[in-house]
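So you can see what is in the structure, the chains are spelled out below.
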Amino acid sequence: GVKRGYLTANPARDAEKPKVIQSEIGILTPKQLRDLLNISPPKIIPYIAIGAFCGLRRSEIVRLDWSAIDLENRMIEVKAKISKSARRRLVDIPDNALTWLKTHKKKSGPVTPSNFRDHFERAIFEAGIDSWPSNALRHSYASYHLAHHQDAARLALQMGHTNSALIFAHYRQIVKPQEAAEWW
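A few points on the structure. What you see is a predicted model, and the numbers here were worked out from it, not measured in a lab. (Residues numbered from 1 in each chain as written. Predicted model: local features only at pLDDT ≥ 70, side-chain atom pairs only at ≥ 80, totals over all residues. Heavy atoms only, no water.)

1. Considering the sheet that holds strand β2 (residues 75-78)
And then number 1: Strand order in the open sheet formed by three strands is β1-β2-β3, and the pairing between neighbours is antiparallel. The sheet is open, and its two borders are formed by β1 (69-70) and β3 (89-92), each paired with just one other strand.
And then number 2: Inspection of the sheet shows β1 paired to β2 by two bridges, in the antiparallel sense. Looking at β2, one finds that Ile69 is bridged to Ile76. (Pairing = 2+ DSSP bridges. Helix = DSSP H or I, 4+ residues; strand = E, 2+ residues; numbered from the N terminus.)

Take a look at the structure:
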C-alpha cells in the first residue's frame with residue numbers, strides 16, 4: 001500500500017511477531033532402531049542403515065543406486081539428479097553404517113527393493129514400534145549426530161543444507177549424550 005501511495009506508513013511494521021512454539025521432532029530410540037534392524041529382512045537393511053546412519057532423505061535412498069556407494073572410501077555420492085536440492089554431495093559412511101552395508105553390497109542396481117513398503121511396514125510392526133514418526137530415520141540421524149559429534153556445520157553439509165539453521169528448526173530433537181553414543 002505504501003509503495004502504491006495508498007498509505008503513508010506500513011501499519012504492520014511495528015507489529016510484534018508471534019512466538020511460534022514448535023512441535024517436538026519425532027525420532028527413534030537406539031533400542032527401536034536396533035530392534036528394527038534385527039527384525040528386518042536383508043533386502044531392506046541398506047535402506048534403513050543409510051537413512052539412520054548417513055541421513056539421506058527417503059526420496060534420495062529410493063533413487064540411490066549401489067554404484068554410488070563406495071564402501072572402500074566410505075562415501076555415498078548423492079548425485080544432483082537424485083538430490084532434493086539438485087546439488088551433488090558426498091556423504092560419509094560411519095562405522096555403524098559400514099557394518100550393516102558391507103554384507104549387503106551389490107555392484108549396481110537400486111538400493112531400495114521394489115516391494116520395500118510392504119517389508120518395511122511389517123518390520124516396523126514386528127519391531128514393536130507403535131507409531132512411526134514423520135521422517136524418523138533422517139530426524140533421528142540429525143539428532144543423534146549433533147548430540148554425539150557436536151558439529152552443526154558438518155551435519156548440515158552431510159544432510160545437503162547450506163547452513164545449520166534448518167537443523168535446529170526442523171530436524172533436531174534433544175538427545176542425551178549416552179543415547180547418542182549408543183546410536184553410533
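There's more to say after this.
2. Some details on the nonpolar core
And then number 1: Ile48, Ile50, Leu56, Leu64, Ile69, Ile76 and Ile93 are the most contacted members of the largest nonpolar core, which totals 44 residues.
And then number 2: Where this core is concerned, the elements lending two or more residues are α1 (30-39), α2 (45-54), β2, α4 (95-102), α5 (116-126), α6 (136-149) and α9 (177-183).
And then number 3: Examining the composition of this core, we find that eight residues originate from one element, α2, more than from any other.
And then number 4: Those residues in contact with Ile76 that sit more than four places away from it in its chain are Ile50, Cys54, Leu56, Leu64, Ala68, Ile69, Arg89, Leu90, Val91 and Ile93.
And then number 5: Core analysis: the next-biggest nonpolar cluster, separate from the first, contains nine residues, Tyr141, Ala142, Ala156 and Tyr171 among them. (Core = buried A, V, L, I, M, F, W, Y, C linked by side-chain atoms within 4.5 Å. Buried < 20%, exposed > 50% of the residue type's maximum accessible area, 1.4 Å probe, protein only. Contact = heavy atoms within 4.5 Å.)

3. Examining a nonpolar patch on the surface
And then number 1: Together, Val2, Tyr6 and Leu7 make up a nonpolar patch on the protein surface, roughly 330 Å² of accessible area in all.
And then number 2: Inspection of the secondary structure puts Tyr6 in the segment before α1. (Patch = residues over 30% accessible without salt bridge, like charges linked within 9 Å, V, L, I, M, F, W, Y side chains within 5 Å. Areas by Shrake-Rupley, 256 points an atom, 1.4 Å probe, with all protein chains shown as cover. Salt bridge = Lys/Arg side-chain N within 4 Å of Asp/Glu carboxyl O.)

4. Overview of the pairing of β3
And then number 1: Along β3, the buried face is formed by Arg89 and Val91; none of Leu90 and Asp92, which line the opposite face, is buried.
And then number 2: Sheet topology note: the β2/β3 ladder contains four bridges and is antiparallel. For Val78, the partnering residue across the bridge sits in β3 and is Arg89.

5. A word on α6
And then number 1: Spanning 14 residues, α6 covers 19 Å between terminal C-alpha atoms, matching the ideal 20 Å at 1.5 Å per step.
And then number 2: α6 sits mainly inside the fold: twelve of its 14 residues count as buried.
And then number 3: Among the residues making up α6, those that are buried are Ala136, Leu137, Arg138, His139, Ser140, Tyr141, Ala142, Ser143, Tyr144, His145, Leu146 and Ala147.
And then number 4: Just beyond α6, the residue with positive phi is Gln150, at close to 55°. (Expected span 1.5 Å × (residues − 1).)

6. Re the packing of aromatic side chains
And then number 1: Considering all chains together, one arrives at eight aromatic pairs under this definition.
And then number 2: Residues Phe120 and Trp132 carry aromatic rings whose centres are separated by 5.1 Å and whose planes lie at 80° to one another, so their mutual orientation is edge-to-face. Taken as a pair, Phe120 in helix α5 and Trp132 in the loop between α5 and α6 lie far apart in primary sequence, twelve residues in all.
And then number 3: Each residue in the set Phe53, Tyr141, Tyr144, Trp183 and Trp184 is aromatic and connected to the rest through ring pairs, giving one cluster. (Phe/Tyr/Trp six-rings, centres within 6.5 Å; stacked < 30°, edge-to-face > 60°.)

7. Section: the packing of α6 against helix α7 (residues 152-159)
And then number 1: Between α6 and α7, the least distance of the axes is 10 Å, while the angle of their chain directions is 155°. Our classification of the angle between α6 and α7 gives roughly antiparallel. As α6 packs across α7, the resulting crossing turns out to be right-handed. Contacts between α6 and α7 involve Arg138, Tyr141, Ala142, His145 and Leu146 on the former and, on the latter, Ala152, Leu155, Gln158 and Met159. (Axes fitted to C-alpha atoms, helices over the stretch in contact; angles between N-to-C directions. Parallel < 35°, antiparallel > 145°, perpendicular 65-115°, else oblique. Left-handed = near helix turned anticlockwise from the far one by under 90°.)

8. Quick word on the packing of α2 against α6
A pair of packed helices can be characterised by two numbers: the angle between their axes and the separation between those axes.
And then number 1: Direction vectors running N to C along α2 and α6 enclose 35°, while the axes themselves pass 6 Å from each other. Of the residues in α6, those touching α2 at Tyr47, Ile48, Gly51, Ala52, Phe53 and Cys54 are Leu137, Arg138 and Tyr141.
And then number 2: Of the residues in the contact of α2 with α6, the class split is seven nonpolar, one polar and one charged. (Nonpolar A, V, L, I, M, F, W, Y, C, P; charged D, E, K, R; others polar.)

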